[in-house]
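Per-entry structural report
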Amino acid sequence: MTTPADEILDIVDENDQVIGQSPRGEAYAKGLRHRCVFIQARDAAGRLFVHRRTPTKLVFPSLYDMWVGGVVGAGESYDDAALREAEEELGVSGLPSPRFLFKFLYDDGAGRTWWSAVYEVRCELPVAPQTEEVAWHDFLPEAEVERRLDEWEWVPDGLAAFERMRKHRGA
């Protein structure tokens with residue numbers, strides 16, 4: 001049985017061009033740049049899906065996130081990864097294709113760097129998130145998420161994407 005650390009990822013350069021492949025665990029350990037997707041999921045009332053990651057996650061365990069998403073597999077497109085990750089993390093099938101918004105290079109300066117494609121999707125289906133990935137979840141009004149930014153410990157790449165989303169929307 002393979003683990004998430006064994007998943008093969010495309011390794012990319014500063015221009016998002018594939019330069020090799022590596023298992024996810026090795027990519028994380030060596031700080032190899034790869035690809036990720038971030039999907040902002042909203043329910044029918046426009047509330048944001050927010051969750052707390054499980055303590056067993058390879059990156060940012062037990063932190064809060066206002067995105068669903070994850071790594072793009074080797075040879076997989078950003079669009080395909082966005083739909084796959086959104087359905088996996090929300091525990092649904094038949095979700096509409098997430099709408100691409102923008103892309104940015106996340107780099108924390110400490111060896112965590114990935115090209116990040118940002119999407120949004122409306123999820124009007126009942127969610128059943130993966131228990132191995134999501135310890136807690138809820139749909140929260142955006143104003144409540146804003147209030148919690150200084151109270152909860154959030155994934156740093158998600159905060160970076162959230163700030164860029166604000167600028168993208170002109171807020």
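Residues numbered from 1 in each chain as written. Predicted model: local features only at pLDDT ≥ 70, side-chain atom pairs only at ≥ 80, totals over all residues. Heavy atoms only, no water.

The chain is annotated in an unreviewed UniProt entry as NUDIX domain-containing protein from Streptomyces guryensis. On record in UniProt, under Sequence similarities (unreviewed entry), the comment for the chain is "Belongs to the Nudix hydrolase family." Listed in UniProt under the heading Cofactor (unreviewed entry), the comment for the chain reads: "Mg(2+)". (UniProt positions renumbered as here; feature names shortened; annotations may be inferred.)

The helix and strand tally for the chain stands at four helices and nine strands. The secondary structure elements of the chain, listed N-terminal to C-terminal, are β-β-α-β-β-β-β-α-β-β-β-α-α. A globule of 171 residues ought to have a C-alpha radius of gyration of about 16 Å, and the chain, at 15 Å, matches this closely. Principal axes of the C-alpha set define a box for the chain whose edges measure 40 × 35 × 30 Å. Burial status across the chain gives 48% buried among its 171 residues. Here the analysis covers contacts within the chain between residues at least 6 apart in sequence; of these, 62% occur between residues at least 24 apart. For the chain, the exposed surface amounts to about 8400 Å²; the carbon and sulfur share of it is 49%. (Helix = DSSP H or I, 4+ residues; strand = E, 2+ residues; numbered from the N terminus. Rg over C-alpha atoms; globule rule 2.2 N^0.38 Å. Buried < 20%, exposed > 50% of the residue type's maximum accessible area, 1.4 Å probe, protein only. Contact = heavy atoms within 4.5 Å. Areas by Shrake-Rupley, 256 points an atom, 1.4 Å probe, with all protein chains shown as cover.)

Oppositely charged side chains can form a pair if their charged atoms are brought close together. Applying the stated criterion across every chain, the model contains 16 salt bridges. Across the pair R24 and E7 runs a salt bridge whose closest N-O atoms are separated by 2.5 Å. You can see R24 sitting in helix α1 (residues 24-30) and its partner E7 sitting in the segment before β1 (8-12), a full 17 residues away along the chain. What makes R24 buried here is its relative accessible area of 14%. (Salt bridge = Lys/Arg side-chain N within 4 Å of Asp/Glu carboxyl O.)

Residues V50, M66, W67, V118, V145 and W154 are the most contacted members of the largest nonpolar core, which totals 30 residues. If you list the elements that add at least two residues to this core, you get β1, β3 (34-42), β4 (48-53), β7 (99-107), β8 (113-122) and α4 (156-168). Residue contacts for V145: discarding those within four places in its chain leaves L48, V50, M66, L140, W154 and F162. Of all hydrophobic cores here, the second largest spans 20 residues; its members include A86, L90, L95 and F139. (Core = buried A, V, L, I, M, F, W, Y, C linked by side-chain atoms within 4.5 Å.)

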